[in-house]
Each structure stands twice: as C-alpha cells, then as structure tokens.
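Results of the structural survey
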Amino acid sequence: MKLNRYGYLIGEGFRNIFTHCFMSFASVTIIIACLIVMGIFSLLDININQIIDDIGDQNQILAYVDEDMTAQEASAKLQTKLESLDNVASVEFVSRSEARESFMEKYDESLMEGIDDEVFRHRFSIQLIDLSLMDETKAEIEDVDGIVKVNAPTEFADKFISVRNVISIVSLALIVILGFVSLFIMSNTIKLATYGRREEIAIMKMVGASNSFIRCPFIVEGLVLGVVGGGLAFLAQWGLYAALEAKIVESLGISFVEIVPFAQVWPFVLITFLAVGILVGAVGGVIAIRNYLKV
Amino acid sequence: MVQMNNVTMVYENSDVAALDSVSLTISEGEFAFLVGPSGSGKTTIIKLLTGEIMPSDGEVIVNGFNTVKLKRRKMPQMRRTLGVIFQDFRLIDKMTVYDNVAFAMRVVGAANKEIRERVPKVLELVGLEGREKRLPAELSGGEQQRVAIARALVNNPTMIIADEPTGNLDPVRSLELMLLLEK
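It should be emphasised that the depicted structure is a prediction, and the values quoted were computed from it without experimental measurement.

Conventions adopted
- Residue positions within a chain follow its written sequence, with the count starting from 1.
- A letter from A marks each chain and a number from 1 marks each ligand, given out in the order of writing.
- It should be noted that, the model being predicted, local features are given only for residues of pLDDT at least 70 and side-chain atom pairs only at 80 or more, the latter also being counted only at that level, while totals for whole chains, interfaces and linings use all residues.
- A run of DSSP states H or I qualifies as a helix once it reaches four residues; a run of E qualifies as a strand once it reaches two. Both are numbered from the N-terminal end.
- Every C-beta atom is placed from the backbone, and the number of other C-beta atoms within 10 Å of a residue's own sets its class: buried at 20 or more, exposed at 12 or fewer, partly exposed in between.
- A pair of residues counts as a contact when their C-beta atoms, built from backbone coordinates, are within 7 Å of each other.
- When residues are sorted by character, Ala, Val, Leu, Ile, Met, Phe, Trp, Tyr, Cys and Pro go into the nonpolar class, Asp, Glu, Lys and Arg into the charged class, and all the rest, Gly among them, into the polar class.
- Two strands make a pair as long as DSSP finds a minimum of two bridges between them.
- Interaxial angles span 0 to 180 degrees and are taken between N-to-C directions of axes, which are lines fitted to C-alpha atoms, for helices over the stretch in contact.
- Among buried residues, those of type Ala, Val, Leu, Ile, Met, Phe, Trp, Tyr and Cys that are joined through C-beta atoms within 7 Å form a set called a nonpolar core.

1. What about the overall build of chain A?
A count of helical and extended segments in chain A gives nine helices and four strands. When each of the 295 residues of chain A is scored for burial, the buried share is 28%. A sequence separation of at least 24 residues applies to 85% of the contacts in chain A between residues at least 6 apart.

This is how it looks when you write it as structure tokens:
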C-alpha cells in the first residue's frame, strides 16, 4: 500500500467520526459508561484488599526473649536469626521499657503504678509475609534458641484468610461478569453503528476495494473513539473517586479506613481504560464489518 | 472478454433455476446487449460477472479470471478490470460527485496527482462539470446515472458492464448515454 493511500485511509477514519457523529457519540458514551462501571468495581476491590491487608498487618507474632538475656544480647543474637526465617517480612525488637510504655499508652496509667519494667520481657514483634503459614512459622520461631514463648493469633489468621478469599472471589467474579456485559453492550453499539454503512461497504467492494482498504478507516475510527472513550472515562473516574474519597473522609470525621489514593492507582486505571477502549473500538469495528466484507 | 460455460444458478431457498446451463462468449471490443423479460436472469448474469454471486454449476471467466476458482482475496483484482454501472446507481451518499468518482481511482492505488487530472476530465465527458461538490442526493436521477458512468469509466476498464443503464432515464438522456458508451 502506497504512502498517499495510508494518508487517505487515516483521513477517512477521522472524517467518518464526524460524518457519523451521532453513532460516534453513542459509541463513546457506551464505552465511557461501561468503563466507569467496571472501574468502580475494580477500585472497590483494590480498596477492600488494601483494608484487609492493613488488618492483616496489624496481626503480628510476639516472640518473648529468655529473661536471662540482656536487651543488647537479644537484639544482637536473635534479630538476624528471626529475619532469616522464610515467611518473616520484618522483625522489630521491643525492649522491656518500650513494652511498658506501649502498655501504658493503651491502658490506664494508674494500673502500672509501682510496677517495674522487669515485669515485662524483651520481645520481638514479627510481621509475616503469608498469614496462611502462621502455624508453621510459629513453630520455627519457637525452635530458635533464646525464644521462650510465642504468641500468634492463629485462629484470627485462619478466619481472616477465609474472609479475604471470599471477597476476592466475589469481586473478581463481579468484574468478569461486568466485563462481559460491557463488551456485549459495546460490541452491539458498534454493530449498530456499522449496520448503517453496509451499503457503502458493498459499493466499495464492487468497485474493487480490498478488505484491508475498507477495514483501515474503520480501525482508525475505532482506535480514535476507543482512546477518546477511555480517556474521558479515566477523567470521569478520577473525579468520581476524588469526590467519593472526600465524602467518606468528611462523613467519618477521622479516617480509620485508609482509602487508596488515586495517585497510587491512576497508571493502572489509565492503561486499563485505554487498552479496553482501543481493543473494543478497533477489534469491535473489524469484527462488526466482517460479515459485510463477504461479497 | 467473457466466457460462461454451462452455468446454472439456483438461489438459496429457491427450487427454480435462475439460469440453466447457460453458455456465452463476449469477445474484446464487442458491444453486447442482453435483453429479455423481467425475471429472465439478466441481473443474475451481471452479478455472476462481477463476482457478487457464484454459480451453482459451471464456470465464469471474466478478463482471464475464473471467478469460481478465484480466491476471495484476489476478487478485487478482477473487479478492477471492470467498470460497472448499476441499475440503482450505487453511489456513496456521504461522498460528493468528485469523491465518488475519485474513490474508484484511490481503490486501485492511483496517485493524488493522477486523480486530480483524470476525474475532472471524466466528469466533463459525462457532462457533470460544475457539479463536483454536489452530493448524490442533490442530483437528478439522470445526473446520478452519469456519476455512476463516470465512476465506471475513470480507471479505463477492460470491460464496462451496465445493468439497465437507461432504465431511469428519459428517451433523450437514454440516447445520450448510449452514444457516450459507444465512445
């Protein structure tokens, strides 16, 4: 295909958008609506997972140190041993005095009057990588010389994992179902948009146009509409998310539920929206006209 | 050149043969007329020649292309050797007169310069100079017919096929058209 033909075909793609402006508007609107619905559920899923992960992070294992060891000895000898265990994400040493202070912050100070630091043991606060392996990791920590007792909320971990799995499956299923529904609606809109042009395609075929010559403007048109639809859906999603975030913070006063900032997820949202928009626009257009090309 | 050998055409969902073992040959330079009552199969023959439909039996050879054996992706090459004037004109509504004619040249990969030179000449030949920027809907039936003729002529085809080209024209215009085709 010669260069001037490419220029003509690309130009035709752009011209078609304006010539069939109502159907272009309908296609873009449907793409925006479907992407926003999918986006809402995806962002909801990301936030639920974030909240669950935060809850999970708060469930740490406490490993108490042998009373015969000083703070320096415990920190020097045990820290690296604990850090080298497979499922351990982080290890923080908490001395007797720090443990006492933390206890006093949580409870009434009067309870601690006259009670010496020595009542508390040196300990390590351990975060795990995978909560489902809490039992195995607890056993490994208990085997470390110098650790005399390990407190691990294993029962909570089991329940927490079940809840997280259920939520993940439900949200994934919802996103997949909504994805299919959106694709169905979008492909039908594009089919409707190209139906009115079947006569035009038939004429093109009759004067000797090849399939690629006919397809090219449709691909360009689909790409442009997909990019415009994806881009506008991204902006709308951004505005919606920001408004919702502000509303939640305002209604809850202090935000004990940490909402994932849009700044953290926007590349994912933008890339996904543009990819879906381009895929649906270009591929949908080509699929929609394929029946009219069989002349 | 056209050669049809024992061509039978039975349309889907129909028991009656539109064509039954038809054989014909049209040589280069020949001006052939196909006449007959409505429903006798004239349009079916034209559709077979343009590759719009395939025969149920027999073979159709157009300008050296056997349409039955021709791969679908090669069909445009065969069609580019033809200039077809359809009974219902088949102009693209959204394109101007100029673009409808130029489109046939773009399809065969003509350069822009060549298109700019050739299209006005052909439009002048069919008497449509000054109508370049009009849309088909803004033209009379006779004018639309002449746009279709211009489109059929613009690539200097080996063969011109016209399906009832005077069907929508008054006697004066009909005579003009026949004289034009004779040129």
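We are not done yet, so read on.
2. Remarks on the interface of chain A and chain B
Tallying the contact residues gives 14 residues for chain A and 18 residues for chain B. Elements supplying a minimum of two residues to the side of chain A that touches chain B: helix 1 (3-19) and helix 7 (198-206) of chain A. If you tally residues by element for the side of chain A that touches chain B, the top one is helix 1 of chain A, at four residues. Residue classes in the side of chain A that touches chain B are distributed as seven nonpolar, four polar and three charged.

3. A closer look at the sheet that holds strand 2 (residues 17-26) of chain B
Residues and elements named next belong to chain B. An order of 2-1-3-4 is seen for the four strands of this open sheet, with the pairing classed as antiparallel. At either margin of the open sheet sits one strand with a lone partner, and together these are strand 2 and strand 4 (65-66). Bridging between strand 3 (residues 57-62) and strand 4 involves two bridges; their strand directions are antiparallel. Within strand 4, the residue paired with Val-62 across the bridge is Phe-65. Contacting strand 1 (2-10), strand 2 and strand 3, helix 1 (residues 42-49) crosses the sheet at an angle of about 120° to strand 1.

4. Focus on the nonpolar core
Ranked by internal contacts, the top residues of the largest apolar core, which has 78 residues, are Ile-31 of chain A together with Val-101 and Ala-150 of chain B. No other element matches the ten residues that helix 8 (residues 211-252) of chain A contributes to this core. Setting aside anything within four residues of it in sequence, one finds Val-101 of chain B in contact with Val-119, Val-122, Leu-123, Val-147, Ala-150, Arg-151 and Val-154 of chain B. With 17 residues, the next largest nonpolar core counts Ala-63, Ala-74, Leu-82 and Ile-141 of chain A among its residues.

5. Side note on unusual backbone geometry
All names here are of chain B. We note that Asn-6 has phi near 45°; this positive angle belongs to a residue other than glycine. Tracing the sequence through the fold places Asn-6 in strand 1. The phi angle at Asn-156 is positive, at roughly 50°, despite the residue not being glycine. Position of Asn-156 among the secondary structure elements: in the loop between helix 5 (141-153) and strand 6 (159-162). For Asn-156, a count of 8 C-beta atoms within 10 Å corresponds to the exposed category.

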